[in-house]
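# Results of the structural survey
This is what each chain is made of:
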Amino acid sequence: MALPTGTYRIRIDHPYFLEQSGEILVETGKISPKKFVLKPAFIIDILSDPLGASVFIDGEPRGQTPRLKMKLAKQTCLLKLEKLGYQVHTEELPLKPGLNVPKAFTLKKVLVKLSIQTNPSKAKITIDEKLIGTSPWNQTIEAGAHTLKIEKEEYETEEKKIDLYQDYSVAIPLIPVKYGTIEVSAYPRARVYLDGNP
C-alpha cells in the first residue's frame, strides 16, 4: 500500500484474537514492514434472566446484559452479576482461547421479611390481588414492588403500594365505616337506585 510519508497508527482486530496496535513510519523510497503476532483471546459471552443485570469482571464494571461479549487476555475471571431485588451472583469462570460459548445465568429473587399488623386484628390481607391470610401476618416475600390491600367488615379498605428491598414492618390502624341515614321520596312511586343498585 502506497502512502504519503509520515507516521501512522495501525490497529489489528480479529474476532478470536486480542486486538493489537502500534505505529509505523512511512519514509520516502523505503518499504516499512510491521509484523504483528496475534495472541488468542479468551472470550466471555454473558446472558442473564432477567435482563438489565450489571456485569463486573474482576471487580471492574463492564456494562449490562441482555448480552455482553468481551475478549480477555487471561484464562479465568471473576464474574459478578448484580440487579436490584435479586441475589448477587459471583462465579470464577474458566475461559478457553478462541472459543465463544454463551454463558446464561438465572438470577434468584431476594426474599425479605414482611410483617403486617392491623388495629383491630383479623383483617384480610391481599398482596398483588392474592389473598395471603389475616393480620397479624409475618412471612417472607419476594423483593420488589407490590400492592397491599387490607379489608375488614365494618372498616374502610386500605390499599397501598410498597417497594420491598429489605425487611419491612407496617402497622395499619383501620378506620371504621361511618353510617348515616337517607330518606328518599318520589311521587308517583318509583324505583330508587343508589350507586346503580336498586
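From a predicted model like this one, the values you see are computed outputs, not experimental measurements. (Residues numbered from 1 in each chain as written. Predicted model: local features only at pLDDT ≥ 70, side-chain atom pairs only at ≥ 80, totals over all residues. Heavy atoms only, no water.)

## A word on the sheet that holds strand β8 (residues 89-94)
Taken in spatial order, the 4 strands of this open sheet run β5-β4-β7-β8, and their pairing is antiparallel. Edge positions in the open sheet fall to β5 (60-64) and β8, since each of these has one partner strand only. Strand-to-strand twist across the sheet, computed as the mean angle between neighbouring axes with direction ignored, equals 25°. One ladder, built from 4 bridges, connects strand β4 (residues 54-57) with β5; its direction is antiparallel. Across the sheet, I57 pairs through a bridge with E60, a residue of β5. (Pairing = 2+ DSSP bridges. Helix = DSSP H or I, 4+ residues; strand = E, 2+ residues; numbered from the N terminus. Axes fitted to C-alpha atoms, helices over the stretch in contact; angles between N-to-C directions.)

## Re the packing of aromatic side chains
Evaluation of the coordinates by the stated rule reveals 0 aromatic pairs. A cation over a ring is seen here: K80 above F56, with NZ or CZ 5.0 Å from the ring centre. (Phe/Tyr/Trp six-rings, centres within 6.5 Å; stacked < 30°, edge-to-face > 60°. Lys NZ or Arg CZ within 6 Å of the ring centre and 35° of its normal.)

## Quick look at the nonpolar core
The biggest cluster of nonpolar side chains holds 17 residues, and the ones touching the most others in it are I44, I46, I57, L79 and L93. Among the secondary structure elements, those contributing two or more residues to this core are β3 (42-49), β4, β6 (67-72) and β7 (76-82). One finds I116, W137, L164 and V170 within the second-largest nonpolar core, a separate group that totals 16 residues. (Core = buried A, V, L, I, M, F, W, Y, C linked by side-chain atoms within 4.5 Å. Buried < 20%, exposed > 50% of the residue type's maximum accessible area, 1.4 Å probe, protein only.)

## A look at the sheet that holds strand β13 (residues 137-142)
Reading across the sheet, the 3 strands line up as β13-β10-β16 and stay open at both edges, with mixed pairing between neighbours. Lying at the two open borders of the sheet, with one neighbouring strand each, are β13 and β16 (168-173). Here the strands of the sheet are splayed against their neighbours by 25° on average, with no regard to which way each runs. Note that strand β10 (residues 111-119) and β13 share 6 bridges and pair antiparallel. Directly across from L111, in β13, lies its bridge partner E142.

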